[in-house]
Each structure stands twice: as structure tokens, then as C-alpha cells.
Amino acid sequence: MLQRFRSLVFIFCCSLLCSAPVYGQAYLRPLATMPSDTDPRITIFNQPHMSWLPDGRPRNQLLVFLPGTNGQPRANFPFAQAASALGYHVIFLMYPDTVAAQQVCPQSPDPNAYMKFRLAIIQGGEIDGLGSISPADSIENRLT
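Residues numbered from 1 in each chain as written. Predicted model: local features only at pLDDT ≥ 70, side-chain atom pairs only at ≥ 80, totals over all residues. Heavy atoms only, no water.

K.L.:
Break down the environment of Pro67 for me, citing the residues and quoting the values.
P.N.:
One can find Pro67 in the loop between strand 3 (62-65) and helix 3 (78-85). Separated by 30 residues in the primary sequence, Pro67 and Asp97 have C-alpha atoms spaced 8.1 Å apart. With sequence-adjacent residues up to four places away left out, Pro67 is seen in contact with Gln72, Phe92, Leu93, Tyr95 and Asp97. (Helix = DSSP H or I, 4+ residues; strand = E, 2+ residues; numbered from the N terminus. Contact = heavy atoms within 4.5 Å.)

K.L.:
Explain the pattern of salt bridges residue by residue, including any values.
P.N.:
A full pass over the atoms with the stated rule returns 3 salt bridges. When the shortest N-O distance is used, the salt bridge between Arg41 and Asp39 registers 2.8 Å. By relative accessible area, Asp39 is classed as buried at 10%. Note that Arg142 is salt-bridged to Asp137, the shortest N-O span being 3.5 Å. Arg142 sits in the buried class, given a relative accessible area of 4%. (Salt bridge = Lys/Arg side-chain N within 4 Å of Asp/Glu carboxyl O. Buried < 20%, exposed > 50% of the residue type's maximum accessible area, 1.4 Å probe, protein only.)

K.L.:
I'd like a description of the nonpolar core, backed by residues and values.
P.N.:
In this structure, Cys105, Phe117, Ile121, Ile127 and Ile139 are the most contacted members of the largest nonpolar core, which totals 13 residues. Filtering out sequence-adjacent residues up to four positions away, Cys105 remains in contact with Ala113, Tyr114 and Phe117. Within the second largest apolar cluster, 11 residues are counted, among which are Trp52, Leu63, Phe79 and Ala83. (Core = buried A, V, L, I, M, F, W, Y, C linked by side-chain atoms within 4.5 Å.)

K.L.:
Tell me about the environment of Gln123, residues and numbers included.
P.N.:
Along the chain, Gln123 falls in helix 5 (residues 113-123). Excluding anything up to four places from it in sequence, Gln123 contacts Pro135, Ser138 and Glu140.

K.L.:
With reference to specific residues and values, describe the sheet that holds strand 1 (residues 31-33).
P.N.:
For sheets, the rule is that strands pair by backbone hydrogen bonds, running either parallel or antiparallel. Reading across from one edge, 1-2-4-3 is the order of the 4 strands in this open sheet, with mixed pairing throughout. Where the open sheet ends on each side, the last strands, each with one partner, are strand 1 and strand 3. Across the sheet, the mean angle from the axis of one strand to that of its neighbour is 20°, orientation sign disregarded. Pairing of strand 3 with strand 4 (residues 89-92) involves 4 bridges; the strand directions are parallel. When the sheet's bridge partners are listed, Leu63 is paired in strand 4 with Val90. (Pairing = 2+ DSSP bridges. Axes fitted to C-alpha atoms, helices over the stretch in contact; angles between N-to-C directions.)

K.L.:
Explain helix 3 residue by residue, including any values.
P.N.:
Buried residues dominate helix 3, accounting for 7 of its 8 residues. Every buried residue of helix 3 is accounted for by Phe79, Ala80, Gln81, Ala82, Ala83, Ser84 and Ala85. Following helix 3 by one or two positions, Gly87 adopts a phi angle in the positive range, close to 100°.

K.L.:
Describe unusual backbone geometry, naming the residues involved and giving the relevant values.
P.N.:
Across the chain, the bulk of peptide bonds are trans and the bulk of non-glycine residues have phi less than zero. Positive phi is not limited to glycine here, since Asn60 has a value of about 60°. Residue placement: Asn60 occurs in the loop between strand 2 (49-52) and strand 3. The backbone phi angle of Asn70 is positive, close to 65°, even though this residue is not glycine. Relative to the helices and strands, Asn70 resides in the loop between strand 3 and helix 3. When its relative accessible area of 48% is taken as the criterion, Asn70 is described as partly exposed.

K.L.:
So, helix 5: which residues are in play, and what are the values?
P.N.:
When we look at burial in helix 5, the residues that qualify are Ala113, Phe117, Ala120 and Ile121. Looking straight down helix 5, one finds its buried side chains confined to an arc of 95°; they lie on one side. Packed against the buried residues of helix 5 are helix 4 (101-104), strand 5 (125-127), strand 6 (131-133) and helix 6 (139-143). With its phi angle positive at about 95°, Gly124 sits one or two positions after the end of helix 5. (Arc of directions from axis to C-beta.)

In C-alpha cells:
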């Protein structure tokens with residue numbers, strides 16, 4: 001199931017890049033927003049989020065990109081630029097991501113360790129052996 005999902009995501013990404021129209025200039029200038037400017041309770045991972053307005057005809061749809069482990073939002077990001085050119089609003093979100101679930105969860109006897117790990121990052125909570133992520137520092141709060 002996971003492999004099929006990854007394949008679909010890859011196909012979708014390739015189709016975005018291959019079918020993108022000729023770009024205008026707006027997509028070249030994403031907006032950088034400090035997470036702590038949106039909520040002063042945010043204390044960790046305070047490097048800027050990057051966002052793009054639609055450069056093509058607006059679809060009124062939001063594409064949220066969550067980088068993988070140690071990912072950093074950046075202004076020169078072809079995937080976001082292509083999505084913007086296709087009319088999507090795009091946010092490349094900064095969030096707590098320095099530890100991969102694969103580094104922590106395999107040693108856990110809890111069969112729900114992976115789910116609990118990801119929910120702690122999404123909503124805030126305890127991560128076994130690593131401490132906690134506050135609700136303010138969670139993905140949900142940052143995106144809101």
C-alpha cells in the first residue's frame with residue numbers, strides 16, 4: 001500500500017513538472033514568514049516557511065509541502081514553483097523534523113510507535129526517548 005502511494009505521489013509530481021505552463025515572474029519571489037511571527041509561542045524550528053501565490057489561474061487550492069527529515073524550506077524549489085504556475089497556493093512548511101521515525105520507532109515495543117511519533121509532530125505531544133513537542137510548535141499550529 002505504501003509503495004503504491006509513493007508511486008502515485010511520484011507520478012503526480014512528475015506530471016506537475018512536465019505539464020507546467022511557461023512561468024511568469026511571480027513564482028520566483030516566494031514569501032518568507034518566520035514561524036514565531038505567526039505565533040510567538042513557537043520556540044523551536046524557527047527558520048522561515050516559504051509560500052507562493054498562484055502564478056497561473058488560481059485554483060483556490062492549497063498545497064502544503066512537508067520536507068522529510070532535516071528538510072529546510074527554500075526559495076528556489078522547482079516543485080513549488082511548478083505548482084504555483086499551475087494555480088496552487090503553496091506552503092513549504094518548517095516544522096520539527098530532525099529525527100526520523102525510523103531512527104526511534106524500531107526499538108519500541110509499542111505497535112503504535114510510528115503513529116504516536118507522527119501525531120506528536122502533527123499535534124504536539126511526547127516522543128518516546130526524545131522529549132516532547134509543544135502544541136504551539138506542532139504542524140497543526142504552524143499551518144493554522
